[in-house]
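Residue strings, one per chain:
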Amino acid sequence: MTAHCVHVPDVEAMEGLGRCMAGGACPGVVFLRGELGAGKTTLARGLLRGLGEKGPVRSPTFTLIEPYPFEGLCVYHLDLYRVSDPAELELIGVRDYLGEDALLLIEWPERAGPLLPPPDLAVDIAVTAHGRDVRFESHSPAGARLVEAARRAGCIEA
């Protein structure tokens, strides 16, 4: 496990951080944790924009899952905030999204209980008086690849 922290001063920088991570996008599971309004969706939007998504990227609070197909990789953005029982995820077939060509960006992963695999990368976003503090904790080569891409792009210091 490797951890990195970065301070993000504003919304534009949070989206930029996600764009930086896009260079390391590969199949895996990313947990996005933080209070309401912390910037989870903004980070996901930046990653998707970095992969080339041109359409709107909104929080899938009501749809639960939004797919974004790219060449060789499908990114699924999940927002589990409205999930009250992990069994709801079984009904929508969340396990079917865990494939060898899938990257899952999961907001509010704790609402899934034991139904999700451990993350390749856990991202914890804390609101501060002057922006956000973002902590990256990689648990696999896939998670490390996302962090390394952001580091190479100058968004995370070594």
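So, here is what we can say about the structure in this document. None of the values given here were measured: they were computed from a predicted structure.

1. With respect to the pattern of salt bridges
A side chain with one charge may pair with a side chain of the opposite charge, provided their charged atoms come close. This model, assessed by the stated rule, comprises 5 salt bridges. We note a salt bridge from Arg 135 to Glu 137, for which the minimum N-O separation is 2.4 Å. When its relative accessible area of 15% is taken as the criterion, Glu 137 is described as buried. Put simply, Arg 151 and Glu 148 hold a salt bridge, and the shortest N to O gap is 2.4 Å. A residue pair is termed a helical-turn pair when its members lie 3 or 4 positions apart in one helix, as Arg 151 and Glu 148 do in helix 4 (residues 141-152) at 3 residues. Under the relative-accessibility criterion, Arg 151 is labelled partly exposed at 31%. Taking the relative accessible area as the measure of exposure, Glu 148 reaches 29% and is therefore partly exposed. Each of Glu 148, Arg 151 and Arg 152 takes part in one network of salt bridges that share partners.

2. Notes on the state of the cysteines
Linking two cysteines covalently via their sulfur atoms produces the bond known as a disulfide. All told, the structure shown has 1 disulfide when counted by the stated rule. At a sulfur-sulfur separation of 1.9 Å, the disulfide partner of Cys 20 is Cys 155. Of the two residues, Cys 20 sits in helix 1 (residues 11-22) while Cys 155 sits in the segment after helix 4, which places them 135 residues apart along the sequence. Relative accessible area serves as the criterion here: at 23%, Cys 155 is assigned to the partly exposed category. No disulfide involves Cys 5; its sulfur sits 15 Å from that of Cys 155, the nearest cysteine. On the basis of relative accessibility, which here comes to 59%, the residue Cys 5 falls in the exposed class. In this structure Cys 74 is a free cysteine whose sulfur lies 14 Å from that of Cys 26, the closest cysteine sulfur available. Given a relative accessible area of 11%, Cys 74 falls into the buried group.

Criteria and cut-off values
- Residues numbered from 1 in each chain as written.
- Predicted model: local features only at pLDDT ≥ 70, side-chain atom pairs only at ≥ 80, totals over all residues.
- Heavy atoms only, no water.
- Salt bridge = Lys/Arg side-chain N within 4 Å of Asp/Glu carboxyl O.
- Buried < 20%, exposed > 50% of the residue type's maximum accessible area, 1.4 Å probe, protein only.
- Helix = DSSP H or I, 4+ residues; strand = E, 2+ residues; numbered from the N terminus.
- Disulfide = S-S within 2.5 Å.

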